[in-house]
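The chain contents come next:
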Amino acid sequence: MTVVIYHNPDCGTSRNTLAMIRQSGEDPEVIEYLKTPPSRDRLKELVEAMGIPVRSLLREKGTPYGELALADPKWTDDELIDFMLAHPILINRPIVVTDKGVKLCRPSEAVLDILPNPHIGRFVKEDGEIIDAG
């Protein structure tokens, strides 16, 4: 099984998710999507596999979301994808892909639903929150 994480090392949620994956025994393929953004086709595949609307993948905080007026419902899914491709910081993270599914892992412990071994034991997030996935 291959586990892939679309990761932003500057994001605490993404770092926690990656640490949980590693604690589960997996050695994931880490794609720093700000350096290596997904293609249009791959981004569409990820959205479809997650079963979420394109708009749900948009990140607002710390992005040009407001400046680009992306809250306006006039934007089509294809236009929103164009914005995400032009500004990868708009893609919410982390996205994790396993044989069990694809998920936007917010909060980070959502990754446990799709890991082959979700029983990672005690995990302490960066903020001190304890997750007990015995």
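Let me sum up the structure you'll find in this document. (Residues numbered from 1 in each chain as written. Predicted model: local features only at pLDDT ≥ 70, side-chain atom pairs only at ≥ 80, totals over all residues. Heavy atoms only, no water.)

### A short note on the pairing of strand S6 (residues 130-133)
On a regular strand, one side chain projects to one face of the sheet and the next to the other, so that they alternate. This is how the line gets drawn: For every residue, the accessible area obtained with a 1.4 Å probe (protein chains only) is divided by the maximum for its type, and the residue is called buried under 20%, exposed over 50%, and partly exposed between those limits. Secondary structure is summarised from DSSP: a helix means a run of H or I of at least four residues, a strand means a run of E of at least two, and numbering begins at the N terminus for each. The rule for pairing is simple: two strands pair if DSSP sees at least two bridges between them.
Only one face of S6 is covered, namely the face carrying Ile131 and Ala133; the face carrying Ile130 and Asp132 is uncovered. Relative to S6, strand S5 (residues 121-124) runs antiparallel, the two being bridged by 4 bridges. Within S6, the residue paired with valine 124 across the bridge is isoleucine 130. What sits between S5 and S6 in their antiparallel hairpin is a turn of 5 residues, with glycine 128 showing a positive phi close to 95 degrees.

### Considering the packing of aromatic side chains
We count it as follows: For Phe, Tyr and Trp, where Trp contributes only its six-membered ring, two rings pair if their centres lie within 6.5 Å, and the inter-plane angle classes them as stacked under 30 degrees, edge-to-face over 60, or tilted in between.
According to the stated counting rule, one finds 1 aromatic pair in the structure shown. When the ring of tryptophan 75 is compared with that of phenylalanine 83, the centres are 4.9 Å apart and the planes differ by 80 degrees; the resulting orientation is edge-to-face. For phenylalanine 83, a relative accessible area of 17% puts it in the buried group.

### Here we look at the side chain of serine 14
So the rule is basically this: Contacts are residue-level and defined by heavy atoms, with any inter-residue pair within 4.5 Å sufficient.
Relative to the assigned elements, serine 14 resides in helix H1 (residues 12-23). Sequence-distant contacts of serine 14, that is, excluding residues within four places in its chain, are made with Ile5, Tyr6, His7, Asn8, Arg93 and Pro94.

### What to know about the packing of helix H2 (residues 40-50) against helix H3 (residues 77-86)
Heads up, the rule is: Axis definition: a line fitted to C-alpha atoms, limited for helices to the stretch in contact. Angles are taken between N-to-C directions and run from 0 to 180 degrees. Angle categories are assigned with fixed cut-offs, so that under 35 degrees is roughly parallel, over 145 is roughly antiparallel, 65 to 115 is roughly perpendicular, and the rest are oblique. Note: crossing handedness is left-handed where the near helix turns anticlockwise from the far helix by less than a right angle, and right-handed where it turns clockwise. Any residue outside Ala, Val, Leu, Ile, Met, Phe, Trp, Tyr, Cys, Pro, Asp, Glu, Lys and Arg is labelled polar, Gly included; the first ten of those are nonpolar and the last four are charged.
Two numbers describe how H2 lies on H3: the axes approach to 11 Å, and their chain directions differ by 120 degrees. By the criterion of interaxial angle, the relationship of H2 to H3 is oblique. For H2 against H3, the interelement crossing comes out right-handed. Packed against H2, whose contacting residues are Arg40, Leu43 and Lys44, the element H3 presents Asp78, Ile81, Asp82, Met84 and Leu85 at the interface. Taken together, the residues of the contact of H2 with H3 sort by class into 4 nonpolar, no polar and 4 charged.

### Some thoughts on the environment of glycine 25
Following the sequence through the fold, glycine 25 ends up in the loop between H1 and strand S2 (29-32). Owing to a relative accessible area of 64%, glycine 25 belongs among the exposed residues under this scheme. Separated by 32 residues in the primary sequence, glycine 25 and leucine 57 place their C-alpha atoms 28 Å from one another.

### Looking at H3
Selection criterion: The directions considered for the arc run from the helix axis to the C-beta atoms.
Taken together, the buried positions of H3 are occupied by Leu80, Ile81, Phe83 and Met84. Down the axis of H3, the smallest arc covering the buried residues is 155 degrees, so these residues share one side. Contacts from the buried residues of H3 go to H2.

### Details of the pairing of strand S4 (residues 101-104)
What you see with S4 is a clean split: Val102 and Leu104 sit on the buried side and Gly101 and Lys103 on the side with no burial. In the sheet, strand S3 (residues 95-98) pairs with S4 via 4 bridges, with the strands oriented antiparallel. Looking across to S4, one finds that isoleucine 95 is bridged to leucine 104. In this structure, the hairpin formed by S3 and S4 is closed by a connection of 2 residues.

### Notes on the pattern of salt bridges
For side chains bearing opposite charge, pairing can occur when the charged atoms are close. Keep this limit in mind: The salt bridge criterion pairs a side-chain nitrogen of Lys or Arg with a carboxyl oxygen of Asp or Glu, the two atoms within 4 Å.
All chains considered together, the criterion is met by 9 salt bridges. Close ionic contact of arginine 15 with glutamate 126 constitutes a salt bridge, the shortest N to O distance being 2.7 Å. You can see arginine 15 sitting in helix H1 and its partner glutamate 126 sitting in the loop between S5 and S6, a full 111 residues away along the chain. In this structure arginine 15 comes out as partly exposed when scored by relative accessible area, which is 32%. Of the charged contacts, one joins arginine 42 and glutamate 45 as a salt bridge, the two residues approaching to 3.1 Å between their closest N and O atoms. Residue arginine 42 and its partner glutamate 45 are both found in helix H2; the two are separated by 3 residues, about one turn of the helix.

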